[in-house]
Amino acid sequence: MPLPALTGLTPDVLAAWLKDAGEPSFRAGQILAWVWKKKVRSIDAMTNLPVALRAKLTDSFRLTALEHTHTRGSPDSTRKFLFRLHDGRYIETVLIPASPALYGERSDRRTLCVSSQVGCAFGCKFCASGLAGFSRNLDAAEIAGQVLAAEQLTGERVDSLVFMGMGEPLANLTNLLDAIQLITGEPTLHLGARHLTVSTSGLVPQIRLLADHPQQIRLAISLHGATDAVRQQIMPVHQKWPLADLFNALDFWNSKKSQQITLEYILIEGVNDAFEQATLLARHARRIHAKVNLIPYNTVQGLEWQRPPDSHCRAFRDVLQHAGVTATLRLEKGGDIDAACGQLRLQQESREGLLP
Ligand code: SAH
Ligand code: SF4
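Residues numbered from 1 in each chain as written. Chains lettered and ligands numbered in written order. Predicted model: local features only at pLDDT ≥ 70, side-chain atom pairs only at ≥ 80, totals over all residues. Heavy atoms only, no water.

1. Here we look at the nonpolar core
Right, on to step 1. In terms of nonpolar packing, the biggest core is built from 101 residues, with Met46 and Leu263 touching the most fellow members.
Right, on to step 2. When residues of this core are assigned to domains, at least three map to each of domain 1 (6-60) and domain 2 (67-337). (Core = buried A, V, L, I, M, F, W, Y, C linked by side-chain atoms within 4.5 Å. Buried < 20%, exposed > 50% of the residue type's maximum accessible area, 1.4 Å probe, protein only. Domains from an automatic or database assignment.)

2. What to know about the pairing of strand β3 (residues 90-96)
Right, on to step 1. With 7 of 7 residues buried, β3 is to be regarded as a mostly interior element.
Right, on to step 2. Taking every second residue as pointing to the same face, both faces of β3 are buried, with Tyr90, Glu92, Val94 and Ile96 on one and Ile91, Thr93 and Leu95 on the other.
Right, on to step 3. Note that strand β2 (residues 79-84) and β3 share 6 bridges and pair antiparallel. Within the sheet, the bridge partner assigned to Lys80 lies in β3 and is Val94.
Right, on to step 4. Hairpin connection, β2 to β3: the antiparallel pair is bridged by 5 residues, and Gly88 has positive phi, about 85°.
Right, on to step 5. Inspection of the sheet shows β3 paired to strand β4 (residues 111-113) by 3 bridges, in the antiparallel sense. Bridging across to β4, Leu95 finds its partner in Leu112. (Helix = DSSP H or I, 4+ residues; strand = E, 2+ residues; numbered from the N terminus. Pairing = 2+ DSSP bridges.)

3. Here's the deal with helix α1 (residues 11-20)
Right, on to step 1. Among the residues making up α1, those that are buried are Leu14, Trp17 and Leu18. Along the axis of α1, the buried positions cluster into a sector of 100°, meaning they face one direction only. Opposite its buried face, α1 presents the exposed residues Asp12, Lys19 and Asp20, each directed more than 90 degrees away.
Right, on to step 2. On its buried face, α1 is in contact with α2 (26-37) and α3 (51-60).
Right, on to step 3. One or two positions beyond α1, positive phi appears at Gly22, with a value near 75°. (Arc of directions from axis to C-beta. Contact = heavy atoms within 4.5 Å.)

4. Quick word on the site of ligand 2
Right, on to step 1. Taken together, Cys120, Phe122, Gly123, Cys124, Phe126, Cys127, Ser129, Gly130, Gly167, Glu168 and Ser201 form the complete shell of residues around ligand 2.
Right, on to step 2. Here the shell around ligand 2 is composed, by residue class, of 5 nonpolar, 5 polar and 1 charged. (Near = heavy atom within 4 Å. Nonpolar A, V, L, I, M, F, W, Y, C, P; charged D, E, K, R; others polar.)

5. Description of the sheet that holds β2
Right, on to step 1. Judged by pairing direction, the sheet is mixed, and its 10 strands sit side by side in the order β1-β2-β3-β4-β7-β8-β9-β10-β11-β12 without closing on themselves. Bordering the open sheet on either side are β1 (67-72) and β12 (327-329), each of which pairs with just one other strand. Strand-to-strand twist across the sheet, computed as the mean angle between neighbouring axes with direction ignored, equals 20°.
Right, on to step 2. Relative to strand β11 (residues 291-296), strand β10 (residues 262-267) runs parallel, the two being bridged by 6 bridges. Considered in β11, the bridge of Leu267 is made with Pro296. (Axes fitted to C-alpha atoms, helices over the stretch in contact; angles between N-to-C directions.)

6. Focus on the packing of aromatic side chains
Right, on to step 1. As enumerated under the stated definition, the model contains 3 aromatic pairs in all.
Right, on to step 2. Pairing Trp17 with Phe61 gives two aromatic rings, centres 5.1 Å apart and planes at 65°, and the pair type is edge-to-face. With a gap of 44 residues between them, Trp17 in helix α1 and Phe61 in the loop between α3 and β1 connect regions that are remote in the sequence. A single burial state applies to Trp17 and to Phe61, both of which are buried.
Right, on to step 3. A centroid spacing of 6.4 Å and a plane angle of 35° characterise the contact between Phe81 and Phe83, whose relative ring orientation is tilted. Assigned by exposure class, Phe81 and Phe83 land together as buried.
Right, on to step 4. Seen from the ring of Trp34, Lys38 lies directly overhead, with NZ or CZ sitting 3.9 Å from the centre.
Right, on to step 5. Here Lys257 stacks its cationic end above the ring of Trp253, 5.3 Å away from the centre of that ring. (Phe/Tyr/Trp six-rings, centres within 6.5 Å; stacked < 30°, edge-to-face > 60°. Lys NZ or Arg CZ within 6 Å of the ring centre and 35° of its normal.)

Right under this line is the structure:
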């Protein structure tokens, strides 16, 4: 195993390490500032630390867990970063410049789409991340490190985060919460919890646990079907937690949090795009005071699904809007780079023979 990464140490863990190493506790703040605020590229660059402490740190830690290998896109458009992990696996992180005002953000802000696992075990039938199965959880350094790396690579500040990259964040809850502590903490990245959105395919027990978390994190649900019959065709997770259980958990969420839930709804031609689904989706959204984000399906190599024509997507949105629901629809074809998370990593891993 490689050395642990400094970017994965929460302040209390770092303080405990310093104590064991016989170092004064105020060094914790200095080290965290070098890592997260000054964003140094080496432990040796932490010039206000004694040389002996830098040597001890170097013997015990790597600075970061991510090796940047590739960027696609340009500064004024969506950029996709590919990172190699210590075991040779790849993850991707996507920086979206002017995201629509979906998650409570102004539209001139930068949103980072972060991965939480290598692959995904939930096997939704339409999703590239589910295609190659599940490899492993990301640790806190690998999750929070994506934000630090994106800021380092671009020199820009990330304004908001969505956990909508590869993986199911709520299936990796312990590491996710450590990463959130690093991302929101003052000695570390200090991004407001309200600017973080966790997206889930609907893991009911974990939704309840996160509802009890003291921070006002936002929640997005990958619904993709307004009835059990439609949802179970495309999302195996549905067998375990059908819509009634899911919506009970969302009621509980609403009793604990003040931010509006977002219902994500991919539009897949002939699968979930009938107007009856729109009517029922509107009913669900109104009952739990959620907004709806409609996403025309991004085609995935090897899968037969298609997006409906633009006119149909607009008409589907209009059904929701006429029912008084806030519904957004993005029609521009960001296809290859913007969404369809998981594809760049799949290409890279298959080139290197890492996939079965
Ligand atoms: N596992 C979590 C978060 C990662 S997926 C979840 O399912 O919510 C992030 C979002 O991308 C989900 O809403 C997912 O359904 C959507 N998605 C997956 N494949 C897609 C595709 N080919 N086109 C459009 N959206 C897709
Ligand atoms: Fe996993 Fe989410 Fe993709 Fe489903 S949509 S396979 S839960 S990443």
